[in-house]
Each structure stands twice: as C-alpha cells, then as structure tokens.
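Below are the chains, spelled out letter by letter.
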Amino acid sequence: MRAVTGFAAYGPHEPLRPIEFTRRELRSDDVAVRVTHVGVCHSDLHAIESLAAGAPPLVPGHEFTGEVTAVGAEVTRFRVGDPVAVGNIVDSCGRCASCLAHREPYCREFPTTTYGGRDLRDGSPTQGAYSTEYVARDAFVYALPAGLDPAAVAPLMCAGVTTWAPLRRAGVGPETEVGVVGLGGLGHLAVRFAVALGARVTVFTTSAAKEADARALGADDVVVSTDPGAMAAVAGRLDLVLDTASAAHDLAPYLGALRLDGTLCVLGLPEQYVVSPMSLLGRTLTVSGSAGTVETQEMLDFCGAHGLTADVEVLPLEQVDTALARLAEGDVRYRFVLAVTA
Ligand code: NAP
Ligand code: ZN
C-alpha cells in the first residue's frame with residue numbers, strides 16, 4: 001500500500017486534523033498523482049457539515065492538480081512527471097448506456113466520487129485530495145493544459161466543468177442571454193465562460209459589493225437579488241439561468257426571469273429549495289441539474305486556448321480550517337486553493 005498524509009474531517013463542528021492513511025497499490029490502469037494543489041469547493045463544506053456523529057474520518061478534496069509519480073502497466077496516456085488534473089469522479093461501471101456514450105457522470109451504477117464514494121472493484125471508501133497523493137483510473141485523469149497555472153486550474157476540475165457543461169448543453173453563444181445566480185467559486189467561472197462563449201450575462205448577487213468584480217469578469221448587468229424592483233425588471237428576459245447559490249432560497253424569482261422555453265439549471269446543493277407550483281403554471285420552462293465532468297477535456301482545451309482559469313487565493317494545506325471558515329462566511333474571491341506538496 002502507498003502511505004499518504006492529509007487532513008480529515010471528524011465531525012461537523014470540529015477542526016480538520018492531520019491523518020495518515022494508505023492508497024491502493026497501482027492496478028494496471030491506475031495513475032498515481034502527487035497532489036500539488038486542491039481547490040476548496042462549497043461541496044466540501046456541505047459534506048463536512050453533514051457528517052454524522054461517529055462517522056469515519058473524511059478526507060475532502062475533489063478538484064486537484066499535480067504530477068504523475070507512477071503508472072500502471074497498461075497506462076499509455078501518461079508518464080512519470082506529467083502535469084495532470086483530476087475532478088470529482090474517478091471511476092464508473094463502463095458498461096451501462098451512459099458510460100458507453102461517454103457520459104460517465106450519469107453512470108447507472110453511480111460513478112465513484114473522488115471522496116465519500118466506494119471503489120467499484122474492492123468496495124473500499126474513497127478519500128479525497130486534501131492529501132499528498134491520489135490514485136485514480138487513467139480514464140479519469142486529464143493532462144494539464146500547457147501554460148496555465150496549476151493552482152488556478154484546480155478549481156476548473158469541479159467548479160469549472162459543473163458550469164461549463166450546462167452552458168454547452170444549452171448551446172450558449174452570441175444570441176444567448178444567460179443569468180448566473182451567486183458570484184462564488186462556480187459563479188465567477190460561469191460568468192467567465194458565458195462571456196467567452198459570446199453570451200450576454202446578468203449576475204444575480206446578494207452582495208452589492210461584488211458588482212465591480214462581476215463587471216470585471218464581463219457581466220453586462222448586475223442585479224442585487226434582494227431588491228424586488230431590480231428583480232422585476234429582468235422578468236421574462238433570460239434563456240438560461242445557472243443557479244450556483246449554496247444556501248436554500250426561493251427559485252420563483254429566477255423562474256420568473258426566464259423567457260418562454262427557458263431553462264433554470266440548479267447547481268447548488270443546499271438541503272432543499274422552495275418551488276411554488278404557481279411559478280410553473282402557464283410556463284414552458286425546464287429545470288435541470290448538472291453532474292459535471294463529462295465535458296472536462298473540452299473545457300480544459302477551451303481554457304488552454306483562451307488562457308482562462310479561476311481567481312484563487314492559495315493557502316498552505318495546514319490552513320485548511322481558515323479556508324473553510326472564510327468560505328462559510330462568503331469571504332473568498334473566488335476560490336481557495338490549498339498548496340499541498342507544491
Ligand atoms: P461558494 O464559492 O461559497 O459560492 C456560493 C455563492 O452563493 C456565494 O458566493 C453567494 O454569492 C451565494 N450565496 C451564499 N449564501 C446565499 C444565500 N443565503 N442566498 C443566496 N445566495 C447565497 O460556493 P461554490 O463552491 O461556488 O458552490 C456553490 C454550490 O454549488 C454549493 O451548494 C455546492 O455544493 C454546489 N456544487 C454543485 C456541484 C454539482 O455538481 N451540481 C458541483 C460543485 C458545487 P453572492 O454573494 O453573489 O450572493
Ligand atoms: Zn466541487
């Protein structure tokens with residue numbers, strides 16, 4: 001087994017603590033990656049907050065970059081020393097209709113998540129990349145685009161692809177009016193991508209102080225969502241709204257912002273949402289979600305070609321609690337990244 005060190009959560013209100021554990025020896029199609037940078041996703045915070053009392057320790061981290069340290073006997077895509085990136089799924093059954101169509105995030109047997117999941121072959125629990133090394137199947141490892149900062153690429157592997165996928169699915173381009181709810185890790189990348197694809201972008205934020213940042217990212221309009229008058233002014237205007245807010249809220253105002261046949265793509269993972277049936281009455285709307293990862297290579301190619309990455313604040317792994325506490329308070333512009341072995 002391969003010895004690894006990292007930081008683990010032991011309960012919802014406890015600081016993370018150092019942990020030593022092991023990764024599996026490489027299978028023939030495995031790649032071992034020395035983790036240099038891991039992004040701190042709000043999903044990590046949700047996962048820690050929902051840990052049950054007495055649950056085994058959880059090592060979070062599902063968007064990371066690093067360097068290949070070893071490859072299995074049948075791996076041909078990577079060599080030792082290659083810079084790589086990994087996102088929030090690391091395996092899938094490979095046999096179901098979704099997998100055969102290379103839509104692995106929608107695997108009927110449920111894909112193996114980077115942490116908090118179960119290895120498909122031996123049933124062992126997966127532990128994430130707030131740790132020095134990760135072992136994953138080669139098909140779920142991606143080459144780092146040349147010329148991009150690995151720290152700023154790490155958030156692309158979850159926050160990035162989660163917002164990229166629905167933009168592409170909707171065919172967003174110069175004729176499209178896109179709304180982005182919440183200017184956080186996902187939200188700032190959603191704006192950057194939608195602008196780069198040529199869309200006209202409206203940001204909905206609860207933080208009036210973020211208006212200048214939203215405009216600097218390329219947003220055309222900024223609506224403070226707590227202002228009913230400003231919200232009413234956008235009614236019926238948008239083709240697609242990506243809702244990235246991390247807390248429970250009423251979806252009605254965003255359904256109301258859509259034009260006929262518009263789509264609300266709900267990306268946040270609060271415990272619940274409020275959806276009044278009246279907000280759907282007489283409308284022809286679609287409400288969707290996104291599992292991310294399927295369009296990862298396309299997104300990385302696009303980011304490489306356009307020089308796009310996340311805005312990051314890098315802290316050493318030992319300061320993970322500072323990062324999580326500040327993320328919980330919304331004090332981040334726009335993604336914390338932990339330097340692990342950089
Ligand atoms: P984040 O960086 O904390 O950003 C979330 C943003 O939500 C905040 O910046 C804030 O934006 C807004 N917000 C916070 N509290 C709010 C409230 N009470 N009402 C309305 N808006 C509020 O989080 P993130 O990492 O981008 O993640 C966002 C959500 O997506 C989380 O729930 C996360 O678990 C989920 N997620 C889902 C997937 C997926 O595959 N579906 C993948 C990754 C993450 P403003 O200050 O602009 O209002
Ligand atoms: Zn995430």
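What comes next concerns the included structure. (Residues numbered from 1 in each chain as written. Chains lettered and ligands numbered in written order. Predicted model: local features only at pLDDT ≥ 70, side-chain atom pairs only at ≥ 80, totals over all residues. Heavy atoms only, no water.)

**So, the overall build of the chain**
Link 1 in the chain: Scanning the chain from terminus to terminus reveals 10 helices and 17 strands.
Link 2 in the chain: Taken over the C-alpha trace, the chain has a radius of gyration of 20 Å; the compact-globule value for 342 residues is 20 Å, and the two agree within 12%.
Link 3 in the chain: Across the 342 residues that make up the chain, the buried fraction comes to 53%.
Link 4 in the chain: The contacts in the chain between residues at least 6 apart in sequence include a share of 66% that link residues at least 24 apart.
Link 5 in the chain: Surface accessibility of the chain: about 14,300 Å² in total, with carbon and sulfur atoms responsible for 53%.
Link 6 in the chain: In the chain, 26 positive and 40 negative side-chain charges are present, and the distance between their average locations comes to 3 Å. (Helix = DSSP H or I, 4+ residues; strand = E, 2+ residues; numbered from the N terminus. Rg over C-alpha atoms; globule rule 2.2 N^0.38 Å. Buried < 20%, exposed > 50% of the residue type's maximum accessible area, 1.4 Å probe, protein only. Contact = heavy atoms within 4.5 Å. Areas by Shrake-Rupley, 256 points an atom, 1.4 Å probe, with all protein chains shown as cover. Lys, Arg positive; Asp, Glu negative; His and termini not counted. Charge placed at Lys NZ, Arg CZ, Asp CG, Glu CD.)

**Re the coordination of the zinc ion (ligand 2)**
Link 1 in the chain: The protein atoms that coordinate the zinc ion (ligand 2) are C41 (SG), H62 (NE2) and C158 (SG), at distances of 2.0 to 2.2 Å.
Link 2 in the chain: Of note, the donors binding the zinc ion (ligand 2) are all from one chain and are spaced C-x20-H-x95-C. Of this pair, H62 sits in the loop between α1 (42-49) and β4 (64-71) while C158 is found in the loop between α3 (150-153) and α4 (159-169), placing the two residues 96 residues apart along the sequence.
Link 3 in the chain: Judged by its relative accessible area of 9%, H62 falls in the buried class.
Link 4 in the chain: Overall, the relative accessible area of 5% leaves C158 in the buried class. (Donors = N, O, S within 2.8 Å, 3.2 Å for Na, K, Ca; no water.)

**Brief notes about unusual backbone geometry**
Link 1 in the chain: Between R333 and Y334 the backbone carries a cis peptide bond, its omega angle lying at -5°.
Link 2 in the chain: Of note, Y334 is situated in the loop between α10 (320-328) and β17 (335-339).
Link 3 in the chain: Backbone geometry places H102, a non-glycine residue, at a positive phi of 55°.
Link 4 in the chain: Locating H102 in the fold gives a position in the loop between α2 (97-100) and β7 (112-113).
Link 5 in the chain: On the accessibility criterion, H102 (57% relative accessible area) is exposed.
Link 6 in the chain: Unusually for a residue other than glycine, D261 sits at a positive phi of about 65°.
Link 7 in the chain: When you line up the elements, D261 lands in strand β14 (residues 258-266).
Link 8 in the chain: Its relative accessible area of 54% is what places D261 among the exposed residues.

**Some words on the side chain of D29**
Link 1 in the chain: By the secondary structure assignment, D29 is in the loop between β2 (17-23) and β3 (30-39).
Link 2 in the chain: D29 sits in the buried class, given a relative accessible area of 17%.
Link 3 in the chain: In contact with D29, other than residues within four places in its own chain, are V75, R121, A136, R137 and D138.

**Description of the packing of aromatic side chains**
For any pair of aromatic rings, the description consists of the separation of the ring centres together with the inter-plane angle of the planes.
Link 1 in the chain: According to the stated counting rule, one finds 4 aromatic pairs in the structure shown.
Link 2 in the chain: Ring plane angle 80° and centroid distance 5.4 Å describe the contact between W164 and F193, whose orientation is recorded as edge-to-face. Taken as a pair, W164 in helix α4 and F193 in helix α5 (residues 185-196) lie far apart in primary sequence, 29 residues in all. Both residues of the pair, W164 and F193, count as buried.
Link 3 in the chain: With a centroid separation of 5.2 Å and 80° between ring planes, the pair formed by F204 and Y254 is classed as edge-to-face. (Phe/Tyr/Trp six-rings, centres within 6.5 Å; stacked < 30°, edge-to-face > 60°.)

**Let's talk about α1**
Link 1 in the chain: Of the residues making up α1, those classed as buried are D44, L45, H46 and I48.
Link 2 in the chain: The elements touched by buried residues of α1 are β3 and α10.

**Remarks on the site of ligand 1**
Link 1 in the chain: Around ligand 1 sit 25 residues, and of these H42, T205, T206, S207 and R335 come closest.
Link 2 in the chain: Taking L267, its main chain carries an N or O atom lying 3.3 Å from a nitrogen atom of ligand 1.
Link 3 in the chain: Isolated, ligand 1 exposes 920 Å² of accessible area, and the fraction of that covered by the protein chains is 85%.
Link 4 in the chain: For the shell around ligand 1, the elements supplying multiple residues, two or more each, are α1 and α5.
Link 5 in the chain: By residue number, the principal contributor to the shell around ligand 1 is α1, which donates 3 residues.
Link 6 in the chain: When its residues are assigned to classes, the shell around ligand 1 shows 9 nonpolar, 14 polar and 2 charged. (Near = heavy atom within 4 Å. Polar contact = N/O pair within 3.5 Å; in protein donor to acceptor, adjacent residues only side chain to side chain. Nonpolar A, V, L, I, M, F, W, Y, C, P; charged D, E, K, R; others polar.)

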